Amino acid sequence: GNKIKAAGGVVVYGKKILFIKKKWALGIPERAVKKGDKKKEAAIREIFEETGINKKDLEIIKSLIPTHDNVKVSGSIFVKETSWYLIRFLGDSKSK
């Protein structure tokens, strides 16, 4: 097997959940994990890159169940395993 590892975060603020606009739908921030990266750090970094939310305003609460998807990259099929984390937004609702 061809495998891709990814990480992402479900960001909560009170009873609200953060979604980002992707090409065709709303989604949860996630990215492929580069060699040598820690999954938790990759998830936090992706949330920052997608939203501009300061990393110090994000706190990982716990790991969630990973998901597995088949994705096509350059004509080859890969299994993408995404490690998900529940993350609390610690900032103020008016901050970016």
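As a reminder, the structure under discussion sits directly above these lines.
Engineer: Looking at this structure, I do not really get the nonpolar core. What am I missing?
Structural biologist: Soluble globular proteins: nonpolar side chains tend toward being buried together. Listed in full, the twelve residues of the largest apolar core are Ala 7, Val 11, Val 33, Ala 42, Ala 43, Ile 44, Ile 47, Ile 53, Leu 58, Tyr 85, Ile 87 and Phe 89. Looking at this core, the elements with two or more residues in it are strand E1 (3-13), helix H1 (39-51) and strand E8 (76-89). Among the elements that line this core, the one with the most residues is H1, at four residues. Beyond its immediate stretch of four places on either side in the chain, Val 33 contacts Lys 5, Ala 6, Ala 7, Lys 39 and Ala 42. Formed by five residues, the second largest nonpolar core is a distinct cluster that contains Val 12, Ile 28, Trp 84 and Leu 86.

Engineer: Hey, could you run me through the environment of Ile 65 in this one?
Structural biologist: Of note, Ile 65 is situated in the loop between strand E6 (58-63) and strand E7 (67-73). Residue classification places Ile 65 among the exposed residues on the basis of a relative accessible area of 72%. In sequence terms Ile 65 and Val 33 are 32 residues apart; their C-alpha atoms lie 17 Å from each other.

Engineer: I keep staring at the pairing of E8 and nothing clicks. Help me out?
Structural biologist: Look at any regular strand and the pattern is simple: side chains alternate between the two faces of the sheet. Burial of E8 is extensive: ten of the 14 residues sit out of reach of the surface. As defined by bridge partners, E6 adjoins E8 across five bridges and the pair is classed as antiparallel. For Lys 62, the partnering residue across the bridge sits in E8 and is Leu 86. Counted between consecutive antiparallel strands, the loop separating E7 from E8 contains two residues, among which Ser 74 sits at a positive phi close to 50 degrees.

Reading the values: the criteria
Residues numbered from 1 in each chain as written. Predicted model: local features only at pLDDT ≥ 70, side-chain atom pairs only at ≥ 80, totals over all residues. Heavy atoms only, no water. Core = buried A, V, L, I, M, F, W, Y, C linked by side-chain atoms within 4.5 Å. Buried < 20%, exposed > 50% of the residue type's maximum accessible area, 1.4 Å probe, protein only. Helix = DSSP H or I, 4+ residues; strand = E, 2+ residues; numbered from the N terminus. Contact = heavy atoms within 4.5 Å. Pairing = 2+ DSSP bridges.

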